[in-house]
Amino acid sequence: TIVVDLIDTHTPTDNEIAMATADEWKAKGNAALQAGKTTEAIEAYSKAIDLDGANHVYFSNRSAAYLKKGDAVNALEDANSCIGLNPDFSKGYSR
């Protein structure tokens, strides 16, 4: 009898790894923001953006964190980046 093991031979690309890591940073940012740790949230969202600067949600979330911190200038800058990447994302206009 021949036994054949089917193994997933897909090796993640650097881009896939970066995107997964960016999502992890986003999750850390979300947890920090919910805990009221705005500086920690901003740092986490910034790391997500550094890894995947094409994701509009990261800019939206960081905008919300800046706004919660009272930093309207940076909040507006991130909101503009968000809607620049995805003009149909309504939260980008409300941050």
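Reading the values: rules and limits
- Per chain, residues are indexed from 1 in the order of the written sequence.
- In view of the model being predicted, local features appear only for residues whose pLDDT reaches at least 70, and side-chain atom pairs are presented and counted only at 80 or more, with totals across whole chains, interfaces and linings using the full set of residues.
- The side-chain quantities take in all heavy atoms of the structure and omit both hydrogens and water.
- In DSSP terms, a helix is any run of H or I states spanning at least four residues, a strand is any run of E spanning at least two, and both are numbered starting from the N terminus.
- Any residue under 20% of the maximum accessible area for its type is buried, any over 50% is exposed, and the rest in between are partly exposed; the area is computed with a 1.4 Å probe on protein chains only.
- Throughout, a residue-residue contact means that at least one pair of heavy atoms, one from each residue, lies within 4.5 Å.
- Here the accessible surface of atoms and residues is derived via Shrake-Rupley with a 1.4 Å probe, and residues count as covered only by protein chains that are part of the display.
- Expected helix span is taken as 1.5 Å per residue step, with the number of steps being one fewer than the number of residues.
- We call two N or O atoms a polar contact when they sit within 3.5 Å, provided that within protein one can donate a hydrogen and the other can accept it, with sequence-adjacent residues counted only if both atoms are side-chain atoms.
- Two aromatic rings from Phe, Tyr or Trp, using only the six-membered ring of Trp, form a pair when their centres are within 6.5 Å; if the ring planes differ by under 30 degrees the pair is stacked, by over 60 it is edge-to-face, and anything between is tilted.
- Lysine NZ or arginine CZ positioned within 6 Å of the ring centre and within 35 degrees of the ring normal marks a charge as sitting over the ring.

Caption draft 1: Quick peek at the overall build of the protein chain. Summing up its helical and strand segments, the protein chain has 5 helices and 0 strands in all. Counting from the amino terminus, helix and strand elements in the protein chain follow one another as α-α-α-α-α. For the protein chain, the proportion of its 95 residues judged to be buried stands at 34%. Across the protein chain, the fraction of contacts at a sequence separation of at least 24, relative to all contacts at a separation of at least 6, is 45%. Element-wise, carbon and sulfur atoms account for 53% of the exposed surface of the protein chain, whose accessible area totals about 6200 Å².

Caption draft 2: Summary view of the environment of F89. Secondary-structure assignment places F89 in the loop between α4 (72–85) and α5 (91–94). Residues F89 and S60, 29 residues apart in the sequence, show an inter-C-alpha distance of 9.2 Å. If we skip the residues at most four places from it in the chain, F89 touches H56, V57, S60, C82 and I83.

Caption draft 3: Highlighting helix α3 (residues 56–69). The terminal C-alpha atoms of α3 lie 20 Å apart, and with 14 residues this matches the ideal 20 Å at 1.5 Å per residue to within 8%. Of all 14 residues that make up α3, 10 are buried, and the element is covered over most of its length. Among all positions in α3, only H56, Y58, F59, S60, N61, R62, S63, A64, A65 and Y66 are buried. Where α3 begins, the side chain of N55 points an oxygen toward the backbone nitrogen of V57, at a separation of 2.9 Å. Looking at the residues trailing α3, positive phi occurs at G70, about 95°.

Caption draft 4: A look at the side chain of N61. Tracing the backbone shows N61 in helix α3. Of the residues examined, N61 reaches a relative accessible area of 11% and is grouped as buried.

Caption draft 5: View of the packing of aromatic side chains. All told, the structure shown has 0 aromatic pairs when counted by the stated rule. The cationic tip of K28 hangs over the ring face of W25; the distance from NZ or CZ to the ring centre is 4.5 Å.

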